[in-house]
There are 2 protein chains.
Amino acid sequence: MLSVPLRSFRRSNLQYIYRTTIVRTATSLVAGEPIGPSIKTSIPGPASAKLLKELNSLQQAESVQFFVDYDKSLGNYIVDVDGNVLLDCFSQISSVPLGYNHPNLLNVFNDKHNLKSLINRPALGVFPGADWPKKLQSVLMNVSPGLPMVTTMMCGSCSNENAFKALCIKYMKNERGGKTFSKEEMDSCMINAPPGSPSLSILSFHGGFHGRTFATLSTTHSKAIHKIDIPAFDWPIAHFPKYRYPLEENVSENKQEDQKCLAEVEDLIVSYNAKGKPVVGIVIEPIQSEGGDNEASPEFFQQLQRIAKRHGAGLLIDEVQTGCGPTGKMWCHEYFNLDSPPDIVTFSKKMQIGGYFHSGDMRASEPYRIFNTWMGDPGKLLILEEALNVIKKQNLLAVVEKSGNALKSGIKQLEMEHPNVINSTRGRGTFLAFNAASPKLRDEIVAKLKQKGVQTGGCGDHSVRLRTALIFQEHHAAIFLDKFREVLKEM
Amino acid sequence: MLSVPLRSFRRSNLQYIYRTTIVRTATSLVAGEPIGPSIKTSIPGPASAKLLKELNSLQQAESVQFFVDYDKSLGNYIVDVDGNVLLDCFSQISSVPLGYNHPNLLNVFNDKHNLKSLINRPALGVFPGADWPKKLQSVLMNVSPGLPMVTTMMCGSCSNENAFKALCIKYMKNERGGKTFSKEEMDSCMINAPPGSPSLSILSFHGGFHGRTFATLSTTHSKAIHKIDIPAFDWPIAHFPKYRYPLEENVSENKQEDQKCLAEVEDLIVSYNAKGKPVVGIVIEPIQSEGGDNEASPEFFQQLQRIAKRHGAGLLIDEVQTGCGPTGKMWCHEYFNLDSPPDIVTFSKKMQIGGYFHSGDMRASEPYRIFNTWMGDPGKLLILEEALNVIKKQNLLAVVEKSGNALKSGIKQLEMEHPNVINSTRGRGTFLAFNAASPKLRDEIVAKLKQKGVQTGGCGDHSVRLRTALIFQEHHAAIFLDKFREVLKEM
């Protein structure tokens, strides 16, 4: 065991008493939630193991952690098929806005019109329903990060793929200067050759994650197993700042790190433009998630946007994982005070429907260029509509801020108590992470937390990430911290 | 007007009387269906025009044909916001299995467990629901085209992108001969460079369509406007047979055409293998749909599969548009009597959920290589489950065959009557098309049919395609043929 100064022991005891009181007296936003985790078997238990064998014979399913009883799961608690009840701090890779079986969401399709919108899924680009423009306006544009347009898709990868296309289309329109397509362009694109299929590039960052389809995978640099054996575009990759923690003690080093990375971005744009693969856009996460929850300063993002503008490249902020509230703002990049909105912001996951907000510039002049059969799904928009209603009515962004503060200060406290085990607590809202001293220790922490009834996720090489639903409250934070304290004491 | 021999006039009159009788006495599979189209305004009408202006201010929406009242649409009839009732022979780009508001589908989410499966959409690759393996087995594997495995996705493009990845992974596993990844491979793939990101290729066909994300777009060769300005992989493209019609009068020419195309496929594989871009797979539609409803003979597909095997390339048959019954078989390639099942069969559209059936060979040995947040959607699988139940109970494949025969012989009759306007009637089941004498005439036919209350679609340069739902019966065929006859007479 590590020695801990007496002062922090005292503080943590006080916090423990305070937290225990919170848990006992707390009211959950979802009525009927369990009061805490309860574990009956090792996880995965025998029932999960049996199902995994079945599933694994039908497909590669070795990524499955356990099978879930979605009928019994409720709010922040996920119940597995062996009867284990876990506090879910991972929420389906950050894709569940209001936890499980939220009564408002279960109610959405009791409305006959909504049910018909779900069942009669149209080709939205050709035969949209009567209320589609109004719904886009009232649901999506209502939470737009300052951008006047929105194009919907089915998932995060498709959103980024199509956003990349929008960046290419916009760039080439500028290059053409108002001229129409040449016959040579029209003919050559049909056989994948320039000038019709030009060598354009999208700049991305080491550690970034933007999806796993071929083009998005070319901008994804999280883990080798995600990328190996798949052909990729030769597109420029810059370093994302790697900060030293705590931030307040490393201000000038981190500022230098920003400058180094920004200089590299500019160098790469210049060199790719020179070698005939012009950079039409920069794609970046506000917090690199799969890559290890790496954050960068508002100043970094402000300067990045200026560099993009200077070189005629669009700025695409990928909010697939950060969007829809977990950082305490609807969109994480709202923290950055950019000079103007980014050109494109992609979303999916908690938003249920995929897509991207965009400037008028990023709207293709011609139809059928950004197009597919479904172009999104009205059924998912209706779920989002009700989720956003609940977020607003219950002021869930404030809830996130409050429980995020409790979580972050609690983990920082544990960091002080166990400095050789964990460090570098970081993040915004409940979108938090910390590092373990080694990849092995990280895996141990995640596994032990699970056996105590707390589901978290790993990211990067040695980080643990929290991705709670937006109904995660202070008393849930208290439970997490107590279980985490137990784990750290055992290590 | 064209002169028509007396004999065919008599036949067509008799057919007209026969068809009128069918329409009057017919019972629709969906109770309460309108007895025919009714048109009140030009299409798009004023209400659609107003909504289009709204939508177009939020996104590029110029592909929209009209706005739909999905509450009022029923069975084969789509009702627009101006009160026009159209017989839908396009069914949302072939993506509606049972028409609109089918009572069985509207009933799916009355079941509480089903509703919870819809609302609690999980990350299926990590936390699948208790009944997921059983549902995959009872719903999807139950209609598998002889393949032992299935991997689910959200849409057609993602299905093909991930199927391409499976082809690459399988090929490189063979190349490696049991060895594990080298450090050089692991490191280089993180920066998109070989050997970790190898130059592999997928062979596709001129006129093919496999999606609009970057890699699938590199195998799509339908129209320039789909491809222009988007970077593409340098992958080999072979010619798809172009047949002369009627088939029975052009047997030897069409056989020669097959051989010419197959020889090109083999040449391309050899040359791409030689230039260090080995062909890991061939992607092909059983009937090229967007590209103009081009068909190829069973013998062509049999030999194509043998060429693929000979060169260690996988055969991917893309049944996104042809799959789930419209050709009269569950999978169109069942008509081809292949030596063995293809390596991969992709699906989406009418199947509601995307994905691909595959051989055990195409299952990656390691987890997280074919992976994303959602990996499909249980809510869509439940809709498919009920759709397949109805298809089976009502023997809809037989319905398709019957109405397909009525449509095809009726159009062939009209072809004889108007040989200078339409020709080359072709297809299987109700998955039918014919050519117009020119692109302009084609557009006119589609527009005039619409104004008479029949929705069809264009494909290729000068073809009209029918993509009816599976509940399209002989009396619907009779209505289509009568309206079409009227249109042809007016031209």
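The coordinates are above.
None of the values given here were measured: they were computed from a predicted structure.

*Asks:* Sorry, what's going on with the packing of helix α14 (residues 396-417) of chain B against helix α16 (residues 474-490) of chain B here?
*Replies:* When two helices pack together, their arrangement is captured by the angle between the axes and the distance separating the axes. All names here are of chain B. Direction vectors running N to C along α14 and α16 enclose 15°, while the axes themselves pass 9 Å from each other. Considering their axes alone, α14 and α16 lie roughly parallel with respect to each other. Crossing angle aside, the handedness with which α14 passes α16 is right-handed. Residues Lys 402, Ser 403, Ala 406, Leu 407, Gly 410, Ile 411, Leu 414 and Glu 417 of α14 lie in contact with α16, whose contacting residues are Glu 474, Ala 477, Phe 480, Leu 481, Phe 484, Arg 485 and Leu 488. Of the residues belonging to the contact of α14 with α16, the class tally is nine nonpolar, two polar and four charged.

*Asks:* Looking at this model, I keep getting lost on the relation of the copies chain A and chain B. Mind explaining?
*Replies:* Mapping between the two copies of the chain is achieved by a rotation about an axis and a shift along the axis. If you rotate chain A by 180° and push it 0.0 Å along the axis, it lands on chain B with an RMSD of 0.0 Å. This pairing of chains is accounted for by a two-fold axis. Both copies contact each other with a shared surface, as 100% of the interface residues of chain A are interface residues in chain B too.

*Asks:* How should the interface of chain A and chain B be read in this particular structure?
*Replies:* Interface extent is often summarised as the accessible area lost during association of the parts. Listed as interface residues are 117 residues of chain A and, on the opposing side, 117 residues of chain B. In total, chain A and chain B occlude about 11,000 Å² of area from one another, counting both sides; carbon and sulfur atoms represent 62% of this. Across the contact surface, chain A and chain B share 62 residue pairs in polar contact (both at pLDDT 80 or more). In terms of residue class, the side of chain A that touches chain B is made up of 65 nonpolar, 32 polar and 20 charged.

*Asks:* Looking at this structure, I do not really get the sheet that holds strand β2 (residues 85-88) of chain B. What am I missing?
*Replies:* The strands making up a sheet are joined through hydrogen bonds of the backbone, oriented either antiparallel or parallel. All names here are of chain B. If you trace the three strands from one edge of the open sheet to the other, you get β1-β2-β14, paired in mixed fashion. Only two strands of the sheet have a single neighbouring strand rather than two, namely β1 (77-79) and β14 (454-455). Across three bridges, β1 lies against β2 in antiparallel orientation. Across the sheet, the residue bridging to Tyr 77 is Leu 87, located in β2.

*Asks:* Before we go on, may I ask you to explain the side chain of Ser424(A) in this structure?
*Replies:* All names here are of chain A. The residue Ser 424 is located in strand β12 (residues 422-428) in this model. Engagement of the side chain of Ser 424 in a polar contact is seen with the side chain of Asn 423, the distance being 2.7 Å. If sequence neighbours within four positions are ignored, Ser 424 has contacts with Tyr 245, Glu 415, Ala 433, Phe 434 and Asn 435.

*Asks:* Explain the environment of Arg428(B) here, please?
*Replies:* All names here are of chain B. Counting through the fold element by element, Arg 428 comes out in strand β12 (residues 422-428). Residues Arg 428 and Thr 180, 248 residues apart in the sequence, show an inter-C-alpha distance of 46 Å. For Arg 428, the residues in contact, after removing those within four places along its chain, are Pro 298, Pro 326, Thr 327, Cys 332, Tyr 335 and Phe 336.

*Asks:* Just to check I follow, could you spell out the environment of Ala263(B) for this structure?
*Replies:* All names here are of chain B. By secondary structure assignment, the location of Ala 263 is in helix α11 (residues 251-274). Classification of Ala 263 by relative accessible area gives partly exposed; the value is 38%. Sequence-wise, Ala 263 and Val 464 are 201 residues apart; in three dimensions their C-alpha atoms are separated by 30 Å.

*Asks:* Can you help me understand α11(B) in this one?
*Replies:* Quick reminder: α-helices carry 3.6 residues per turn. Residues three or four places apart thus point the same way. Taking 1.5 Å as the rise per residue, α11(B) with 24 residues should run 34 Å; its terminal C-alpha atoms sit 35 Å apart, in good agreement. Backbone geometry just downstream of α11(B) places Gly276(B) in the positive-phi region, at approximately 80°.

*Asks:* Got a minute to help me understand the pattern of salt bridges in this structure?
*Replies:* Between side chains of opposite charge, a pair can form when the charged atoms approach closely. Scanning the model with the defined rule gives 44 salt bridges over all chains in all. Of the charged contacts, one joins Lys72(A) and Asp69(A) as a salt bridge, the two residues approaching to 3.6 Å between their closest N and O atoms. Judged by its relative accessible area of 17%, Asp69(A) falls in the buried class. Between Arg369(A) and Asp229(B) there is a salt bridge, with its nearest N and O atoms 2.8 Å apart. Note that Arg369(A) is positioned in the loop between β11 (354-358) and α13 (378-393) and Asp229(B) in the loop between α10 (224-227) and β5 (237-238), a pairing that runs across two chains. Comparing Arg369(A) with Asp229(B), the two get one shared label, buried. A single salt-bridge network, built from bridges that share partners, covers Arg176(A), Glu185(A), Glu366(A), Arg369(A) and Asp229(B).

*Asks:* Would you explain the packing of aromatic side chains in this entry?
*Replies:* What describes a pair of aromatic rings is the distance from one ring centre to the other and the angle between the planes of the rings. All names here are of chain B. Summed over the entire model, instances satisfying the criterion amount to 39 aromatic pairs over all chains. Centre to centre, the rings of Phe 205 and Phe 240 are 6.0 Å apart; their planes meet at 90°, and the pair counts as edge-to-face. On the criterion of sequence distance, the pair formed by Phe 205 in strand β4 (residues 201-205) and Phe 240 in the loop between β5 and α11 is long-range, its members being 35 residues apart. Under the relative-accessibility criterion, Phe 205 is labelled buried at 1%. Ring geometry for Phe 205 against Phe 300: centres 6.3 Å apart, planes inclined by 70°, an arrangement best described as edge-to-face. Here Phe 205, found in strand β4, pairs with Phe 300, found in helix α12 (residues 298-310); they are 95 residues apart in sequence, far enough to count as distant. With respect to burial, Phe 205 and Phe 300 carry one shared label: buried.

*Asks:* Where do I start with the environment of Lys350(B) in this structure?
*Replies:* All names here are of chain B. Tracing the sequence through the fold places Lys 350 in the loop between β10 (344-347) and β11 (354-358). With relative accessibility at 1%, the residue Lys 350 sits in the buried group. In this structure the C-alpha to C-alpha distance between Lys 350 and Gln 473, which are 123 residues apart in sequence, comes to 18 Å. With near-sequence residues (within four places) excluded, Lys 350 lies in contact with Ser 91, Ser 94, Ser 95, Val 96, Pro 97, Gly 323, Cys 324, Pro 326, Leu 384, Thr 468 and Leu 470. At 3.0 Å, the side chain of Lys 350 and the side chain of Ser 94 are in polar contact.

*Asks:* Could you clarify how one ought to interpret unusual backbone geometry in this entry?
*Replies:* Most peptide bonds take the trans configuration, and most residues that are not glycine carry a negative phi. Residue Pro44(A) is bonded to the preceding Ile43(A) through a cis peptide linkage, with omega at 0°. By the secondary structure assignment, Pro44(A) is in the loop between α1 (6-25) and α2 (46-56). With an omega of -10°, the peptide bond running from Tyr245(B) to Pro246(B) counts as cis. Within the fold, Pro246(B) resides in the loop between β5 and α11. Even without being glycine, Tyr368(A) reaches a positive phi, approximately 70°. By secondary structure assignment, the location of Tyr368(A) is in the loop between β11 and α13.

Reading guide: rules and limits
Residues numbered from 1 in each chain as written. Chains lettered and ligands numbered in written order. Predicted model: local features only at pLDDT ≥ 70, side-chain atom pairs only at ≥ 80, totals over all residues. Heavy atoms only, no water. Axes fitted to C-alpha atoms, helices over the stretch in contact; angles between N-to-C directions. Helix = DSSP H or I, 4+ residues; strand = E, 2+ residues; numbered from the N terminus. Parallel < 35°, antiparallel > 145°, perpendicular 65-115°, else oblique. Left-handed = near helix turned anticlockwise from the far one by under 90°. Contact = heavy atoms within 4.5 Å. Nonpolar A, V, L, I, M, F, W, Y, C, P; charged D, E, K, R; others polar. Least-squares fit on C-alpha atoms with pLDDT ≥ 70 in both. Buried area = accessible area lost by both parts, 1.4 Å probe. Polar contact = N/O pair within 3.5 Å; in protein donor to acceptor, adjacent residues only side chain to side chain. Pairing = 2+ DSSP bridges. Buried < 20%, exposed > 50% of the residue type's maximum accessible area, 1.4 Å probe, protein only. Expected span 1.5 Å × (residues − 1). Salt bridge = Lys/Arg side-chain N within 4 Å of Asp/Glu carboxyl O. Phe/Tyr/Trp six-rings, centres within 6.5 Å; stacked < 30°, edge-to-face > 60°.

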